[in-house]
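Residue-level listing of the chains:
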Amino acid sequence: MRTLVLGLGNEYAGDDGAGILAVRALRDELAGRADVVESAASGLTLLDVFDGYDRAVVVDSIRTGRNPPGTIVELGLTEVGPVVAPSIHHAGIPELAAVAERLGLGFPGRTRVLAVEVAEPPTFGAPLSESVAAALDELGRRVLEQIEAWDTAKGEPCTTTTP
Amino acid sequence: MSEILIDPITRLEGHGRVHVFLDDAGEVDRAYLQIPELRGFEKFAQGRRAEDMPQITSRICGVCPMAHHMAATKALDDLFGVEPPPAAKKIRELLYSAFMVEDHALHFFFLGGPDFIVGPDAPKGERNILGVVNKVGLEAGKEVIGVRKQLRDLMAAVAGKAVHPVFGLPGGISRPLTAELQEQAQAAAARAVDFGGFALQAFRDVVLGNPDYVELVTSETYTHRTYSMGLVDADKQVNFYDGTLRVVDPEGREFLSFAGSDYLDHVAEHVEPWTYVKFCFLKDVGWHGFVDGADSGVFAVAPLARLNVTEGMPTPRAQEAYDELFATLGGKPVHHTLATHWARLVELQYAAERMAELAADPEILDPDVRTLPTATPEEGIGVVEAPRGTLFHHYRSDERGLITSANLIVATQNNAARIGMSIDKAARDLIHGAEVDEAVLNKVEMAFRAYDPCFGCATHTLPGHLPLLVEIHDPAGEVVRELRRD
């Protein structure tokens, strides 16, 4: 099953870069099992990124204001709505999925969002906050756990698009 | 005094809020948009290598990275005092035109589309991207996505697909165009030109065919008579990539013409205590408040302003569309904010035709695409027309090319005063008392959605599904009612 691990954010803007940094650290470990993609884009532009995958883990920052910074929030596609206060970059992913389905475009049948709660609005040049930096390892581990869970679920291991 | 707060809650601090203050009689006393600033950029840029600015600034915005990349690249040309070879300029403009087509297509059909294609009074469940697809049809929806994909594939092939692609360099670009890529560009351009015709026809059918929409577009609620600014070529015709800045007055007469490098002589920033946003105005006129007219330095940028500025369109199909727009809306200039949507499609048509011209130009295959800089860097200014209006990048560096100061004026800043006026006027005309319904709020939103403001050039939601929080406060400041639209 072709698998995407997508990190969203801006690595130059403090905690906003959490998703990018988390997936970058997984590149070696996921080689051959998932395509690791980093993107600063948002909205419909991401349609092209999802096309061609069966499964996707989206790694992002999120600002719900309901958890302490550094908390990892896990969401399925249907839970990612205004009700849960979407993350900074993936807002629109449910719309992307709906549009892809309506227009017959490729979109991963299974999408999980793993996001770390951040406190501040993005500031250029700021370092990661302590609490978010401390959560990055856990965030990476959760991504790997998700990949492993998919691997063992139906005996269809995760792969890249270019095996 | 009561306050109605329209807050795109999903983005919290990252995005704008509309505040509407009611007086004791329940009428609108004042309404304005708050946009957070892009924090820390100038400090962040200091000490970095100037050559890295096109890569760094293209990450500022998830929506228009190409505009920042190109403005930064042009600022580097100026900083290092180097003139790119003709082929390099043409390839840059080719790519930039492709970007303009895809961005304008995205906005019209999917971001602004719900307002007109689905309709301002349609149930909220339909006023989204799927509603647009249902209205224009599956095939048309696929074509919007398909054209964009073809253009994006071309951009990736020309500019590089890597995580951190390097395309624009001081004095040129990183690699010449191959014959194969030229063919790919010609095919994409041909499809884009046809798509431009399709999009304009869709506008005629859906909007112009509906007298209610035409009345809405031309209503006083959505009209502001301001100056307009945009880049023009030597023939005083619109160009997105390069040229001279031209300003026309509210009557459409040329008021100013200046090089981008002189922008500080003509554009100044007004500060208000209630927002970080600096409101750009024309120095030559001065700041006289959020008011219309020739005595107010407030000006507009973006598609409609550019059409008011240009002396006709440089390409034939776009010229026809331009003539039709002004003939229909009562002659030039047009000050109806909502006509920006139509102007966007005229520009889409032009960008597609311009792309086709450049793709067919034999010189574009010239392998000479870089002039190596030899001068000592000091100061550089780059200007482009971003989809949302004029974009300035201004850098200073030390003799090693390390940035000592960086200033960006993004389109939304240039438009900020007029956007504020549009919201204020729409709110005054449409809101009477705290019992505000969904359709009214949407019509207030339409006043600023036409500009497609990029809040803080940070990130972007999909408007048309812009979740809003409305808080209505009684004169004591207590929340008496909360209205939420997801």
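Keep in mind the model is a prediction, meaning the values are calculated, not measured. Residue positions are given per chain, counting from 1 as you read along its sequence in written order. For naming, the first written chain is A and the first written ligand is 1, with later ones following in the order written. Restriction of local features to residues with pLDDT of at least 70 applies here, the model being predicted, together with a cutoff of 80 or more for giving and counting side-chain atom pairs; totals for whole chains, interfaces and linings are based on all residues. Here the side-chain values reflect all heavy atoms present in the structure, with hydrogen atoms and water set aside.

A. Here's a closer look at the environment of Tyr 12 of chain A. Within the element layout of this structure, Tyr 12 of chain A appears in the loop between strand 1 (3-8) and helix 1 (18-24). Relative accessibility under 20% of the residue-type maximum defines a buried residue, over 50% an exposed one, and the middle range a partly exposed one, all with a 1.4 Å probe and only protein chains included. Accessibility expressed as a relative area gives 18% for Tyr 12 of chain A, which makes it buried. C-alpha separation for the pair Tyr 12 of chain A and Gly 125 of chain A, spaced 113 residues apart in sequence, amounts to 5.5 Å. It only takes one pair of heavy atoms within 4.5 Å for two residues to be counted as in contact. With near-sequence residues (within four places) excluded, Tyr 12 of chain A lies in contact with Thr 123, Phe 124, Gly 125 and Ala 126 of chain A together with Phe 44, Ile 56 and Arg 59 of chain B. Where helices and strands are cited, they refer to DSSP runs of H or I of at least four residues and of E of at least two residues respectively, numbered from the N terminus.

B. Local environment of the sheet that holds strand 13 (residues 389-397) of chain B. Residues and elements named next belong to chain B. Pairing is antiparallel in the open sheet, where 3 strands are placed in the order 12-13-14. Looking at which strands have only one partner, the edges of the open sheet turn out to be strand 12 (379-386) and strand 14 (403-409). Put simply, the sheet's adjacent strands are angled 10° from each other on average, direction ignored. Bridge count between strand 12 and strand 13: 8 bridges; the pairing is antiparallel. Its bridge partner lying in strand 13, Ala 386 is registered against Gly 389. By this definition, two strands are paired if DSSP reports at least two bridges between them. Axis definition: a line fit to C-alpha positions, over the contact stretch in the case of helices; interaxial angles, taken between N-to-C directions, run 0 to 180 degrees.

C. Unusual backbone geometry, seen in detail. All names here are of chain B. In this structure, the amide linkage connecting Lys 332 to the following residue, Pro 333, adopts the cis form with an omega of -5°. Position of Pro 333 relative to the elements: it lies in the loop between helix 12 (316-328) and helix 13 (340-359). Its identity as a non-glycine residue notwithstanding, Lys 236 has a phi of 60°, on the positive side. For Ala 302, which is not a glycine, the phi torsion comes out positive at approximately 90°. In this structure, Ala 302 sits in the loop between strand 11 (299-300) and helix 11 (303-309). Given a relative accessible area of 2%, Ala 302 falls into the buried group.

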